[in-house]
Amino acid sequence: MTEQNPDKDVEDWVTGEEPATGPQLSYLQTLAREAGEEIPENLTKAQASRMIDRLRKRSPRTSGPEDGGARGTEGGGGADGGGAP
């Protein structure tokens, strides 16, 4: 069985140009509200994941030392990401 790399660069995602998923947008709304930012319209999955990573690093809830650093996941940058490659 071949191992897959869950840390695949968003530029290499097959589905990265598809519209952001519902769970991605929901999570982004929470993070953006906490950061006082607006979410651009018509985000792709890859753009949403990058924005999630950036906002997670700024969030007091997710930027603690136990986080180990935010990393993108194609489904949405977290446990509630959804969407498979």
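The preceding data block contains the structure.
Quick caveat, the model's predicted, so the values are computed rather than measured.

A. Spatial organisation of the overall build of the protein. A tally of helices and strands in the protein yields two helices and zero strands. Every one of the 85 residues in the protein was classed for burial, and the buried ones make up 38%. Expressed as a percentage of contacts within the protein between residues at least 6 apart in sequence, the contacts between residues at least 24 apart total 62%. Carbon and sulfur atoms provide 49% of the accessible area of the protein, an area that totals close to 5600 Å².

B. Quick look at the pattern of salt bridges. Applying the stated criterion across every chain, the model contains three salt bridges. Among the ionic pairs, Arg54 bridges to Glu37, the shortest N-O distance being 3.0 Å. Here the residue Arg54 occupies a position in helix H2 (residues 45-58), and Glu37 occupies one in the loop between helix H1 (22-35) and H2, the gap between them amounting to 17 residues. On the basis of relative accessibility, which here comes to 22%, the residue Glu37 falls in the partly exposed class. The partner of Arg58 in a salt bridge is Glu37, and the shortest N-O contact between them spans 2.3 Å. Residue Arg58 is found in helix H2, and its partner Glu37 is found in the loop between H1 and H2; the two are separated by 21 residues along the sequence.

C. Representation of the packing of H1 against H2 in the model. Interaxial distance between H1 and H2 falls to 10 Å at its minimum, and their mutual angle equals 35 degrees. Every pair of crossing elements has a handedness; the one defined by H1 and H2 is left-handed. Between H1 and H2, the residues in contact are Gln24, Tyr27, Leu28, Leu31, Ala32 and Ala35 and Lys45, Ala48, Ser49, Met51, Ile52, Leu55, Arg56 and Arg58, respectively. Tallied by class, the residues present in the contact of H1 with H2 amount to nine nonpolar, two polar and three charged.

D. Representation of the environment of Thr62. Mapped onto the secondary structure, Thr62 falls in the segment after H2. Thr62 sits in the buried class, given a relative accessible area of 16%. Taking the C-alpha atoms as reference, Thr62 lies 9.7 Å from Leu31; in sequence the two are 31 residues apart.

Definitions and cut-offs
- Residues numbered from 1 in each chain as written.
- Predicted model: local features only at pLDDT ≥ 70, side-chain atom pairs only at ≥ 80, totals over all residues.
- Heavy atoms only, no water.
- Helix = DSSP H or I, 4+ residues; strand = E, 2+ residues; numbered from the N terminus.
- Buried < 20%, exposed > 50% of the residue type's maximum accessible area, 1.4 Å probe, protein only.
- Contact = heavy atoms within 4.5 Å.
- Areas by Shrake-Rupley, 256 points an atom, 1.4 Å probe, with all protein chains shown as cover.
- Salt bridge = Lys/Arg side-chain N within 4 Å of Asp/Glu carboxyl O.
- Axes fitted to C-alpha atoms, helices over the stretch in contact; angles between N-to-C directions.
- Left-handed = near helix turned anticlockwise from the far one by under 90°.
- Nonpolar A, V, L, I, M, F, W, Y, C, P; charged D, E, K, R; others polar.

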